[in-house]
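Residue-level structure breakdown
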Amino acid sequence: MELITIILSGILIGSAVYMMLSKSVLRIIIGTALLSHGVHLMLLTMGQLKRGNIPVLDDEVTNYSDPLPQALILTAIVIAFALTAYILVLALRSYRELGTDDVEQMKGVPHDD
């Protein structure tokens, strides 16, 4: 199970980097969201996936699951969602002001035609 999540995390991070290198602002935002999801999966895998263990440390329990990675990832998911929403609002505002979604046109770089 961990191998599948590691491979899926690698695919998400690779596709996120590919999308973030494009010229479209919307693709950059989607790439940022994919990157955060890939990192969340990677961190969850690093916390060791365990089945059937309770996440509570008690005196009579000998085998338990660490709840810290899940709590940190849940917090990171909320922060990534808020950041994505904020970036989308900024992109919409810049599109309304400048009339373009292309990063090079936003900077004023002339095209080589």
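The rules behind these values
Residues numbered from 1 in each chain as written. Predicted model: local features only at pLDDT ≥ 70, side-chain atom pairs only at ≥ 80, totals over all residues. Heavy atoms only, no water. Patch = residues over 30% accessible without salt bridge, like charges linked within 9 Å, V, L, I, M, F, W, Y side chains within 5 Å. Areas by Shrake-Rupley, 256 points an atom, 1.4 Å probe, with all protein chains shown as cover. Salt bridge = Lys/Arg side-chain N within 4 Å of Asp/Glu carboxyl O. Helix = DSSP H or I, 4+ residues; strand = E, 2+ residues; numbered from the N terminus. Buried < 20%, exposed > 50% of the residue type's maximum accessible area, 1.4 Å probe, protein only. Axes fitted to C-alpha atoms, helices over the stretch in contact; angles between N-to-C directions. Parallel < 35°, antiparallel > 145°, perpendicular 65-115°, else oblique. Left-handed = near helix turned anticlockwise from the far one by under 90°. Nonpolar A, V, L, I, M, F, W, Y, C, P; charged D, E, K, R; others polar. Polar contact = N/O pair within 3.5 Å; in protein donor to acceptor, adjacent residues only side chain to side chain. Contact = heavy atoms within 4.5 Å.

As for a nonpolar patch on the surface
The grouping of L3, I7 and I11 at the surface amounts to a nonpolar patch, some 320 Å² of accessible area in total. Summarising the element assignment, I7 is placed in helix α1 (residues 2-20).

Here we look at the pattern of salt bridges
When their charged atoms lie close together, side chains carrying opposite charge are able to pair. Throughout the structure, instances matching the rule amount to two salt bridges. Among the ionic pairs, E104 bridges to K23, the shortest N-O distance being 3.6 Å. Of this pair, E104 sits in helix α4 (residues 103-107) while K23 sits in the loop between α1 and α2 (25-46), and the two are 81 residues apart along the sequence. Residue class for E104 comes out partly exposed when judged on its relative accessible area of 26%. According to the relative accessible area criterion, K23 is partly exposed, its value standing at 45%. Two residues, R93 and E97, come together in a salt bridge whose shortest N-O distance is 3.4 Å. With R93 and E97 both in helix α3 (residues 68-98) and four residues apart, this pair spans about one turn of that helix. Each member of the pair, R93 as well as E97, is classed as exposed.

Describing the packing of α1 against α2
Running from amino to carboxyl end, α1 crosses α2 at an angle of 160°, the nearest separation of the two axes being 8 Å. Taken together, the axes of α1 and α2 lie roughly antiparallel to each other. Helix-helix and strand crossings are classified by hand; for α1 and α2 the assignment is left-handed. Grouping the constituent residues of the contact of α1 with α2 by class yields 14 nonpolar, eight polar and two charged.

As for the environment of S65
Structurally, S65 is set in the loop between α2 and α3. S65 sits in the buried class, given a relative accessible area of 9%. Distance in space between the C-alpha atoms of S65 and Q48 is 8.7 Å, their sequence separation being 17 residues.

A word on the side chain of S9
Along the chain, S9 falls in helix α1. By relative accessible area, which is 4% here, S9 ends up buried. One polar contact links the side chain of S9 to the main-chain carbonyl oxygen of G38, over a distance of 2.8 Å. Each residue touching S9, except ones within four places of it in the same chain, is listed here: G38, L41 and M42.

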